[in-house]
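Residues per chain are reported as follows:
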Amino acid sequence: MVEIECKPIRIEELEKGIELLMHSFKEEAITSRAFDFTKENTEQILVKLSILKAEAYLQSGSPILVAKVNGEIAGIAIVKEKSTLTKRQMLDIIWPTGIRALPLITKLNWRKAAKLGRAIKEAENIPEPFITLEAIAVHPDYRGFGVGKALMKEVQAIAAEEGQTIYLYTGDKKNEEIYRHLGYGTLEQRAVEDIVVYHMIKKAV
C-alpha cells in the first residue's frame, strides 16, 4: 500500500507543483481548448503565470495542498477562499501578474476562450459560505494509488472546519462522474461547442 502524505505546499515546492498541474491541464477539456499548445512556449508561459497566481492565493490566505509519496510531489490541489485582504492589497498582488500575462495573448484561441469564459463563470445560488476547488491534478506516475482521493479528503476537512460548501467546475465528463461518486451534486450545466461544463457542489457536513 502506498503511503500518501498531504500537507500545505512550501514556497520552494511551488514551481514543481505548478509544473505538474499545468502539464496535466494540457489535456483538460477547458484549458486545451482555450490555449493553443502547438505554439511555442505556451506551457512555459502558463506555468510562470500560474506560479504568480498561486503566490497571490497564498498571500490572500487560500490554501494550496500537495500530496507526497516517498517525499516526491504526486499531486496538488488549489483551494480559493474568500479573501480578507483590502482592495489595495489585492491590486498590489494582481498587478504584476496581469503585466506578465501579456505574452499569453498570442496563445489564446480567442473565439473559444470567450465562449468558455461564459461557461465557467461562477454559478449562481452556491450555498454560503463556500470555498472553491480551483484545480486538482495527480502526476501520471501516481494515478490509481488514491492520491486524488487523499487530496479531496483534505479539501473536505478544510471546508468542514467552518461548515463551508465546496464548489468546483469541470469540463470533463469523466471527472464529473468521479466527483459525483465522492458525493458532489451538479448545480448547473452549461454546454459550449463540443463540451459541457459541470458546476458542482458538496454541502458542508
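Residues numbered from 1 in each chain as written. Predicted model: local features only at pLDDT ≥ 70, side-chain atom pairs only at ≥ 80, totals over all residues. Heavy atoms only, no water.

Caption draft 1: Representation of the sheet that holds strand β3 (residues 72-80) within the structure. Read across the sheet, 7 strands follow the order β1-β2-β3-β4-β5-β7-β6 without closing on themselves; strand pairing throughout is mixed. Two strands bound the open sheet, and with one partner strand each, they are β1 (4-8) and β6 (185-192). Taking the axes of each pair of neighbouring strands and ignoring which way they run, one obtains an average angle of 25 degrees across the sheet. By the bridge criterion, 3 bridges tie strand β4 (residues 130-138) to strand β5 (residues 165-170) in an arrangement that is parallel. Across the sheet, the residue bridging to Thr-132 is Tyr-167, located in β5. Contacts from helix α3 (residues 42-59) reach β2 (64-69), β3 and β4 within the one sheet, and its direction differs from that of β3 by about 60 degrees. Contacts between helix α6 (residues 147-161) and the sheet are confined to β1, β2, β3, β4, β5 and β7 (195-202), with β4 contributing the most and set at about 165 degrees to the helix. (Pairing = 2+ DSSP bridges. Helix = DSSP H or I, 4+ residues; strand = E, 2+ residues; numbered from the N terminus. Axes fitted to C-alpha atoms, helices over the stretch in contact; angles between N-to-C directions. Contact = heavy atoms within 4.5 Å.)

Caption draft 2: The environment of Val-66, seen in detail. Considering the arrangement of structural elements, one finds Val-66 in strand β2. Along the chain, Val-66 and Lys-7 lie 59 residues apart, while their C-alpha atoms are 5.6 Å from each other. Setting aside residues no more than four positions away along its own chain, Val-66 makes contact with Glu-5, Cys-6, Lys-7, Ile-9, Glu-13, Ile-73, Gly-75, Ile-76 and Leu-151.

Caption draft 3: The pattern of salt bridges, seen in detail. Enumeration over the complete set of coordinates arrives at 12 salt bridges. Where Arg-10 meets Glu-12, a salt bridge forms, and the shortest distance between an N and an O atom there is 2.7 Å. Classification of Glu-12 by relative accessible area gives exposed; the value is 56%. As a salt-bridge pair, Arg-190 and Glu-188 come within 2.7 Å of each other at their nearest N and O atoms. The exposure class assigned to Arg-190 is buried, which follows from its relative accessible area of 16%. Since its relative accessible area comes to 26%, Glu-188 is described here as partly exposed. Residues joined by salt bridges that share partners form a network here, namely Arg-10, Glu-12, Glu-13 and Lys-68. (Salt bridge = Lys/Arg side-chain N within 4 Å of Asp/Glu carboxyl O. Buried < 20%, exposed > 50% of the residue type's maximum accessible area, 1.4 Å probe, protein only.)

Caption draft 4: Geometry of α3. The end-to-end C-alpha separation of α3 is 26 Å, in line with the 26 Å expected for 18 residues at 1.5 Å each. Within the span of α3, buried status applies to Thr-42, Glu-43, Ile-45, Leu-46, Val-47, Leu-49, Ser-50, Ile-51, Leu-52, Ala-54, Ala-56 and Tyr-57. Downstream of α3 by a residue or two, Gly-61 has a phi angle that is positive, lying close to 95 degrees. (Expected span 1.5 Å × (residues − 1).)

Caption draft 5: Representation of the pairing of β6 in the model. Inspection of the sheet shows β6 paired to β7 by 7 bridges, in the antiparallel sense. By the bridge assignment, Ala-191 is partnered in β7 with Val-196. If you look at the hairpin formed by β6 and β7, you'll find 2 residues sitting between the two strands, and Glu-193 has a positive phi there, around 50 degrees.

Caption draft 6: The arrangement of the packing of aromatic side chains in detail. Inspection of the entire model under this criterion finds 2 aromatic pairs. Relative to Tyr-167, the ring of Phe-130 has its centre 6.2 Å away and its plane inclined at 80 degrees; by these criteria the two rings are edge-to-face. Pair noted here: Phe-130 is in strand β4 and Tyr-167 is in strand β5, with a separation of 37 residues, a long-range link. (Phe/Tyr/Trp six-rings, centres within 6.5 Å; stacked < 30°, edge-to-face > 60°.)

Caption draft 7: The arrangement of unusual backbone geometry in detail. Geometrically, the link from Glu-128 to Pro-129 is a cis peptide bond, its omega value of -10 degrees lying close to zero. Of note, Pro-129 is situated in the loop between α5 (110-119) and β4. For Asn-70, which is not glycine, the phi dihedral falls at a positive 55 degrees. Looking at where Asn-70 falls in the secondary structure, it is placed in the loop between β2 and β3. Given the relative accessible area of 75%, Asn-70 is considered exposed. Even without being a glycine, Glu-193 presents a positive backbone phi close to 50 degrees.

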